[in-house]
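Given next are the chains, with one letter for each unit.
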Amino acid sequence: MFFEENSPLGDVLALPIFKQEESNLPPDSDNKILPFQYVLCAPTSPAVKLHDETLTYLNQGQSYEIRMLDNRKIGELPEITGKMVKSIIRVVFHDRRLQYTEHQQLEGWRWNRPGDRILDLDIPMSVGIIDPRANPTQLNTVEFLWDPSKRTSVFIQVHCISTEFTMRKHGGEKGVPFRIQIDTFKENENGEYTEHLHSASCQVKVFKPKGADRKQKTDREKMEKRAPQEKEKYQPSYETTILTECSPWPEVTYVNNSPSPGFNSTHNSFPVAEGNGSPNHQPEPVVQVADNLLPTATPQDAQQWLHRNRFSPFCRLFTNFSGADLLKLTREDVIQICGPADGIRLFNALKGRVVRPRLTIYVCQESQQAREQHPKHENGDAAASTFFVYHAIYLEELTVTELTEKIAHLFSISPRQINQIFKQGPTGIHVLVSDEVRQSPSYDLTVKNNQGYCLNY
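Reference entry: report on the structure contained in this document.

Rules and cut-offs
Residues numbered from 1 in each chain as written. Predicted model: local features only at pLDDT ≥ 70, side-chain atom pairs only at ≥ 80, totals over all residues. Heavy atoms only, no water. Core = buried A, V, L, I, M, F, W, Y, C linked by side-chain atoms within 4.5 Å. Buried < 20%, exposed > 50% of the residue type's maximum accessible area, 1.4 Å probe, protein only. Helix = DSSP H or I, 4+ residues; strand = E, 2+ residues; numbered from the N terminus. Pairing = 2+ DSSP bridges. Salt bridge = Lys/Arg side-chain N within 4 Å of Asp/Glu carboxyl O.

Side note on the nonpolar core
As a rule of thumb, nonpolar side chains are buried together in soluble globular proteins. Core analysis: the biggest nonpolar cluster contains 42 residues, and L40, L58, I66, I89, V154, F178 and I180 have the highest contact counts within it. The leading source of residues in this core is strand β10 (residues 193–207), at 5 residues. Listed in part, the 21 residues of the second largest apolar core include A297, A302, F311 and V334.

Some details on the sheet that holds strand β3 (residues 64–70)
The strand order across the open sheet formed by 5 strands is β5-β8-β3-β1-β11, and the pairing between neighbours is antiparallel. Of all the strands in the sheet, the pair left with one neighbour each is β5 (119–121) and β11 (241–242). The pairing of β3 with strand β8 (residues 152–158) spans 5 bridges and is classified as antiparallel. Across the sheet, I66 pairs through a bridge with V154, a residue of β8.

Quick notes on the pattern of salt bridges
Inspection of every chain in the model, using the stated rule, returns 17 salt bridges. Between E53 and R179 there is a salt bridge, with its nearest N and O atoms 2.3 Å apart. Pair noted here: E53 is in the loop between β1 (36–40) and β2 (55–59) and R179 is in strand β9 (residues 178–187), with a separation of 126 residues, a long-range link. Pair check on accessibility: E53 and R179 agree, each one buried. In this structure, E195 and K186 form a salt bridge, with 3.7 Å as the shortest nitrogen-oxygen distance. By relative accessible area, which is 14% here, K186 ends up buried. One connected set of salt bridges, linked through shared partners, spans E79, K186 and E195.

Right, here's the structure in full:
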């Protein structure tokens, strides 16, 4: 992170150096010979002014070589002679605005590109690297061991493009610049690679495949059209990009000796449940009160809501999502993250959608004595003076067993007490209800129990 001259924040915040300034480097940095040098094998842009930092264009997904060079003088750093050092490569934001929200930006990218990584190593192309690793929780970070005394070249691939982090309006917006930063460490007394040796970084922009070549050509043509006096204000294009010294990355918690997952070039970095992770749905006797997720829910509340609603396999993916974050997801977003089956279920749960039952029956309990005291009129309606309370029964499977169980549950009796269920036909006849006649939308039911009286519905 850098701050403009005379900026009061520059003296307050101790953040990484993202643009080199003399005040942030040792006084003799110009003449200092650094122990290591990292060279990115990609040309710099010719459209950069003399005193600005170099800018390099990269193609998305293309492998680029970074040469790891040992610049030590004879006798310098003898403790690493014949030993391995550990280097960590990161792709981070250059702009201060995005640095403040880096975690949210990277998490958003993760949800839009589930299973993908921002930074990868091209293992077959690399030379001299040992034990390459990619932590699945650090999409923009890779690490490896190497011997400074031997030739070492690491090939990297950047899978995000600069325009993915711009505010989309009408198209054609400029992409945001990134930084490629390398931090190198040596072993301490406990064999942990925590002692910092050297850090360097460079500024890059990432385009869709072949876009970097077109941009480089466009910049070169623009410079050729400029007047000679104007050309003197710009630095020439170099065939390679030398990473310049910077402060080490502040996240020291990641630089430790704890085991991290081995490198996986297939991008399968996140544990996603295979197939349909939804348990078999058991029909409820009645529609339950919706457990709606509120926009004010904290990330902790959102995690509990996911557990309660049987979305535990996806809790890790939504670790830092608040209720508002989850509710902003579109149907397409959720399906892409969770798959079709669980994605649709999660989206319906987020929006508080209740699945409509296949058939709804409204019932009330009427004793035989009440039927005799209040005979029906010619039109089939009960006397107006009679008041009945109806209950709704929601059927999903449309089977006699389901209907029997739900009637028994509603009136707090055992299903075994219900012997038969009859449907009253148009002429008053009673038809025994079976699975074959269960789907009729008009039910006038009589339930006969084993105690000799009927419940009419």
